[in-house]
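Structural characterization, general
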Amino acid sequence: MQVIPFLICFPLLCAVLMYCIRADKVRNVIAYAGAVIIIAATALLVMQWMMGGRQPMELYVHTEMVNHLILAGDFLLMIVVTFLCFRYKKYLICLLSIAPTILIAYVELAGPELKEIAHVRVDYLSILMCVIVGLIGSLIVVYAVGYMDGYHKHHTEFQDRRYYFFMILFLFLGAMFGFVVSNSLLWLIFFWETTSVCSFLLIGYTRETEAINNSFRALWMNLLGGCALSVGVTLYIYSKGQDSLQELIRYGKYLDERHVIAFAVALIAFAALTKAAQMPFSTWLMGAMVAPTPSSALLHSATMVKAGIYILFRLGPAMSEKASGNMIALIGGFTFFAASVMAIAQHDGKKVLAFSTISNLGLMVACAGVGRAETIWAGIFLMIFHAISKSLLFQDIGATENATHSREIESMHGLLYRVPKLAIFMFIGIVGMFLAPFGMLISKWSALRAAVDESNILLVVFIVFGSATTSFYWTKWLGKIISPTHNAVHTNVEDITQKSETLSLTIHAVLMIALCVLFPVLSVNYVEPLLIEQFNHSAEVIPTAVLYTLIVIILLVFLVPFLADRAFKNRRTNVKLAYMNGINVGNNTGFIDSFGEPKQLWMSNYYFTKYIGQKKLMFPCQLFTLAVLIVMMARILGGVF
Amino acid sequence: MSIYMRVIFIICYVVLAPFLGGFLEGLDRKISARMQGRVGPPVLQPFYDVQKLLNKQVIAVSRAQTFLLMTYMLLMIFTGAMFFAGSDILMCFFILATAATFLYFAAMITSSPYSTIGAQRELIQMMAYEPAVLLTCVGFYLSAKTFNVSDIAASPLSHILYMPGFFFAFVFIMTIKMRKSPFDTATSHHMHQELVKGLTTEMGARNLAFFQIAEWYENIFLLGVVALFIINNNPWSILAAVLVILAVYFVEILIDNTSARFRWDQMLKITWLVTLLSAGVNLLILMLIS
């Protein structure tokens, strides 16, 4: 079973190589090779786990050496953070790193004798996360090779530190693998903090003032979560004398809310909220956009935020029908709605994506908070769809920006006629995210039903209204891509997407389509066993036969007009100009104004910035969620002591 | 419900819905005309119109529009067929939303300013009515413990007894869905107003006929949902349902003829408020008693 340490250490080795090799060509080749090897190793892990009858693999009971190494790693992270905090004069933030590190070191060295546990545990959920990290993460690395080349050709104002960028990318992947296979919470904390620090370093890549400020915001929010995590784990260790995540969930499930474990679970869930960028901590993910696009793709899809979701899915059974579960469901549901409303007011494509990530994560968090088999089913599918779709969309926006020099949605007017390839990828990404019959919808369906079963009226209302606003911002974006008018004038846009970018985009698009068609198979063969493992019972949310009929019929519905259109092709259609009140100029891009002059026609979407802009809504939403968090945490704490 | 019954229901819907829908629209025009002191067109006028449209020379701004509108129509038929086959009601409305997206595409692809603005208003309308629609589904689920239309229809008591608030909210958003004033911002039903004909501005000949037929299918589906509030396992309830449908349709015509168009923000605010107050409060009560 050496493949797990390999998955954690190999990216580390790649990271060192990336840093040492300064010749671009050589480094690129090694990055490609690294990505391929990571995918292969992930596949090997999956194979080994399948050969073992898909039973949970519990490994590495005696790990004295590694424990010490990891403690040393904790200190190394602390030193890096402290150093950078002093260098940029953000002194207070380093306390958020020093305090938990010292706490953990104390617990490990002077705390109670820990029971012997398997430090690594690989089960269905871990395997799923490994596949997401391994596959999507590696593809993002492949994409980044091409993208960063174009990026530095454009942005000559930034110092070319690609060696550093790729180092962090690989480190990130390694940390994520470690995070999702760790059963020891002390190990988990280390990998948790590593991802926090990696994202901090990625966001600050350009070293602009804005980038540095945003990176420190991301740092303190995530370190705050790290503090909560450390305190929660410490409470657990002192109470039960062990640090197994699996046992914590078992205790959380069977002990009532007066036990200290309930508070430990709530603290860890709180930490996950910061990582999953839920309100009031969403601003760090918004700020993360200043970094080059591959890092956004990585933060939003395969790593970082998914770490928060992963831990919440794990804790789901322990939080179900408890105060902590209510807190998480409420925050998640509210974030789903509020972030989708704010997404409407954004006209920067990347910002829309960022808000939609926060919003979708909110739905996943709410699913985890409800903590029933049905909602975890829905949440898992949301996570899979979201990982692929967001990675695809971010990469596509990056490529579009390189080609058209803009990532404004308004400038994507008629993208389908200017950069068709990228527009089609964008279409697939968006449609896969929210249109029937695809997965997101089924997940929403299931989440809604579970919320009703739970009699969680607030969650029902949030899902219902959030669903309406979500459709709105996606659909208006889609409309922008297909409408041909004003930008048809300057059609001579050169598609400078490089081969590696196209490769990654294509694989994503194929995955997306395959997932849409095959998700009933995935549900039966993977997600339902996963639920049995977590809950001892599964949830047949929708009978598979029904799902299949639905998919087949809908595909037919799309096919019929397509064929009819082909058949009608030969029938003469008289193509005329659009209606301009009789004052056309000879094509569809303008009209004659009241002075008799030709005027260009310019059409833009609704944004309602005045009513629902980020500036107007973000602060009240943060205040509200902060109040909810404080009240609920106080309630849980009050119940315990 | 046996599989044969389901098939019969589907066939009935697919075959009869456009005739029923067209007939109702004919009545609509006639009654509206009488309200306005006109004689009005013959009741079968909508069919003459569609027949004429189908035989006209095809004139379009964009060739792709036919494909998009056909998909819209087929998805709409699919929605209704699923509903009348007794399938999952929430799923029906999800597919309806997908259908509406295709209508939006069909209007956006034309590059006409009138059509584009109409399409964007259509989107706002979708955002306005979707919460009420989804909440109605939730209401049925709470009241009947299932999303399956066939099971909902076979309950011992009419669901409207448990969900009057949902019924009110649903009828309220029907005004938007049936493109009636004051919520007809996307199409401006009355000719030659500020939007010319909204999102249908650039649809002509066969394409407009598709749009029209899809509207009929949609109306019958929506009225079917209204009937679902009334129908129970007593066969006489079907008669009651028909009466309620006619009453609802008449109220919609009355509203259409007595109100002036709202701005989009007024529409959104009022609709969401009604949804929250009427359906939301009903939801709260249902959850408390169950």
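Cut-offs used in this document
- Residue positions are counted from 1 within each chain, in the order its sequence is given.
- Whichever chain is written first becomes A and whichever ligand is written first becomes 1, with later ones labelled in order.
- In view of the model being predicted, local features appear only for residues whose pLDDT reaches at least 70, and side-chain atom pairs are presented and counted only at 80 or more, with totals across whole chains, interfaces and linings using the full set of residues.
- The secondary structure listing takes helices from DSSP runs of H or I that are at least 4 residues long and strands from runs of E that are at least 2 residues long, numbered from the N terminus.
- Our radius of gyration is a C-alpha quantity, and the globule rule it is checked against amounts to 2.2 Å times the number of residues to the power 0.38.
- With C-beta atoms placed from the backbone, a residue is labelled by how many other C-beta atoms lie within 10 Å of its own: buried for 20 or more, exposed for 12 or fewer, partly exposed between the two.
- What counts as a contact here is a pair of residues whose C-beta atoms, placed from the backbone, lie within 7 Å.
- Here a nonpolar core is just a set of buried residues of the types Ala, Val, Leu, Ile, Met, Phe, Trp, Tyr and Cys, joined wherever their C-beta atoms sit within 7 Å.
- For the purposes of this description, domain bounds are those given by an automatic or database domain assignment.
- Just so you know the grouping, Ala, Val, Leu, Ile, Met, Phe, Trp, Tyr, Cys and Pro go in nonpolar, Asp, Glu, Lys and Arg go in charged, and all remaining residues, Gly too, go in polar.
- Every helix has an expected span of 1.5 Å times one less than the residues it contains.
- Strand pairing is assigned whenever DSSP detects at least two bridges linking the two strands.
- Convention adopted: a line fitted to C-alpha atoms gives each axis, helices being fitted over their contacting stretch, and angles between N-to-C directions are expressed from 0 to 180 degrees.
- The scheme is simple: roughly parallel for angles under 35 degrees, roughly antiparallel for over 145, roughly perpendicular for 65 to 115, oblique for anything else.
- Crossing handedness follows the turn of the near helix against the far one: under a right angle anticlockwise gives a left-handed crossing, and clockwise gives a right-handed one.
- Across the chain, each position has a pLDDT score giving the predictor's confidence in that residue, from 0 to 100.
- For a residue, the bend is simply the angle between two axes, fitted respectively to the seven-residue segment ending there and the seven-residue segment starting there.

**Considering the overall build of chain B**
Scanning chain B for helices and strands turns up 10 helices and one strand. Along chain B, helices (α) and strands (β) appear in the sequence α-α-β-α-α-α-α-α-α-α-α when read from the amino end. Taken against the 2.2 N^0.38 rule, which gives 19 Å for 290 residues, the C-alpha radius of gyration of chain B at 19 Å falls within 12% of a compact globule. Of all 290 residues assigned to chain B, the portion counted as buried reaches 57%. At a minimum sequence separation of 6, the contacts of chain B that also span at least 24 residues come to 75%.

**Thoughts on the overall build of chain A**
Along chain A, the regular secondary structure elements total 24 helices and five strands. Taking 641 residues into account, the globule formula puts the C-alpha radius of gyration at 26 Å, and chain A, at 25 Å, falls close to it. Projected onto its principal axes, the C-alpha coordinates of chain A cover approximately 85 × 55 × 50 Å. Looking at chain A residue by residue over its 641 residues, the buried ones come to 56%. When contacts within chain A are restricted to residue pairs at least 6 apart in sequence, long-range pairs at least 24 apart make up 82% of them.

**Concerning the nonpolar core**
A269(A) and Y72(B) are the most contacted members of the largest nonpolar core, which totals 321 residues. Residue assignment places this core across two domains, with domain 1 (1-316) and domain 2 (320-542 + 586-641) of chain A each supplying three or more. Beyond its immediate sequence surroundings of up to four residues, A269(A) is in contact with L312(A), L315(A), M319(A), S324(A) and I328(A).

**Comments concerning the domain arrangement of chain A**
All names here are of chain A. Splitting chain A by domain gives domain 1 (1-316) and domain 2 (320-542 + 586-641). Averaged C-alpha coordinates put domain 1 and domain 2 at centres separated by 24 Å. At the level of elements, α5 (124-154), α10 (260-275), α11 (283-287), α12 (293-302) and α13 (305-319) are the ones that each hand at least two residues to the side of domain 1 that touches domain 2. It is α5 that provides the largest number of residues to the side of domain 1 that touches domain 2, a total of 14 residues. Class assignment for the residues of the side of domain 1 that touches domain 2 results in 31 nonpolar, 11 polar and six charged.

**Concerning helix α18 (residues 420-434) of chain A**
Because the α-helix completes a turn every 3.6 residues, residues three or four places apart line up on one side. With 15 residues, α18(A) ought to run about 21 Å at 1.5 Å a step, and its terminal C-alpha atoms sit 21 Å apart, in line with that. Turning to α18(A), its buried residues are L422(A), F425(A), M426(A), I428(A), G429(A), I430(A), V431(A), G432(A), M433(A) and F434(A).

**Considering the environment of Y249(B)**
Mapped onto the secondary structure, Y249(B) falls in helix α9 (residues 236-258). Using a count of 20 C-beta atoms within 10 Å as the deciding quantity, one classes Y249(B) as buried.

**Observations concerning the interface of chain A and chain B**
The partner chain B presents 50 residues to the 46 residues of chain A that form the contact. Listed by contribution, the elements that provide at least two residues to the side of chain A that touches chain B are α19 (439-453), α20 (457-482), α22 (544-568) and β3 (574-575) of chain A. The biggest single contributor to the side of chain A that touches chain B is α20(A), with 14 residues. Direction of pairing for β3(A) relative to strand β1 (residues 59-60) of chain B: parallel, over a ladder of two bridges. Opposite V575(A), over in β1(B), you have A60(B) as the bridge partner.

**Observations concerning unusual backbone geometry**
Of note, the bond from M279(A) into P280(A) is cis; its omega dihedral lies within 30 degrees of zero at 5°. Structurally, P280(A) is set in the loop between α10 and α11. Between S181(B) and the following residue, P182(B), the backbone shows a cis peptide bond with an omega angle of 5°. Inspection of the secondary structure puts P182(B) in the loop between α7 (164-177) and α8 (205-230). In this structure, R207(A) is a non-glycine residue whose phi angle is positive, near 65°. Among the secondary structure elements, R207(A) is positioned in the loop between α7 (185-203) and α8 (209-240). The exposure class of R207(A) is exposed, given the 11 C-beta atoms found within 10 Å. With a phi close to 60°, E321(A) is a non-glycine residue in the positive phi region. The topology assignment puts E321(A) in the loop between α13 and α14 (323-344).

**Regarding the packing of α10(A) against α13(A)**
Residue and element names in this part refer to chain A. Direction vectors running N to C along α10 and α13 enclose 155°, while the axes themselves pass 8 Å from each other. With respect to α13, the axis of α10 lies roughly antiparallel. The handedness of the crossing between α10 and α13 is left-handed. Touching V265, I268, A269, A272, L273 and K275 of α10 are V305, A307, G308, I311, L312, L315, A318 and M319, all from α13. Here the residues of the contact of α10 with α13 sort into 12 nonpolar, one polar and one charged.

**Here's the deal with the confidence of the model for chain B**
Of all residues in chain B, 97% attain a pLDDT of 70 or more, and the chain-wide mean is 89. Across the predicted assembly, pTM comes out at 0.93 and ipTM at 0.93.

**Topic: helix α21 (residues 499-535) of chain A**
Residues and elements named next belong to chain A. Between its first and last C-alpha, α21 extends only 45 Å over 37 residues, short of the 54 Å set by a 1.5 Å rise per residue. Within α21, the axis deviates most sharply at L518, by approximately 70°, and proline P520 lies no more than four positions further along. A positive backbone phi angle near 65° is found at N536, which sits one or two residues after α21.

**Re the environment of A269(A)**
Considering the arrangement of structural elements, one finds A269(A) in helix α10. Once the C-alpha coordinates of A269(A) and L315(A) are considered, the two residues, 46 residues apart in sequence, prove to be 7.6 Å apart.

**Observations concerning the packing of α7(B) against helix α10 (residues 264-289) of chain B**
Residue and element names in this part refer to chain B. Between α7 and α10, whose axes approach to 7 Å, the crossing angle comes to 155°. Considering the angle they form, α7 stands roughly antiparallel to α10. Handedness of the crossing formed by α7 with α10: left-handed. Residues P164, G165, F166, F168, A169, F172, I173 and I176 of α7 lie in contact with α10, whose contacting residues are T271, V274, T275, S278, A279, V281 and N282.

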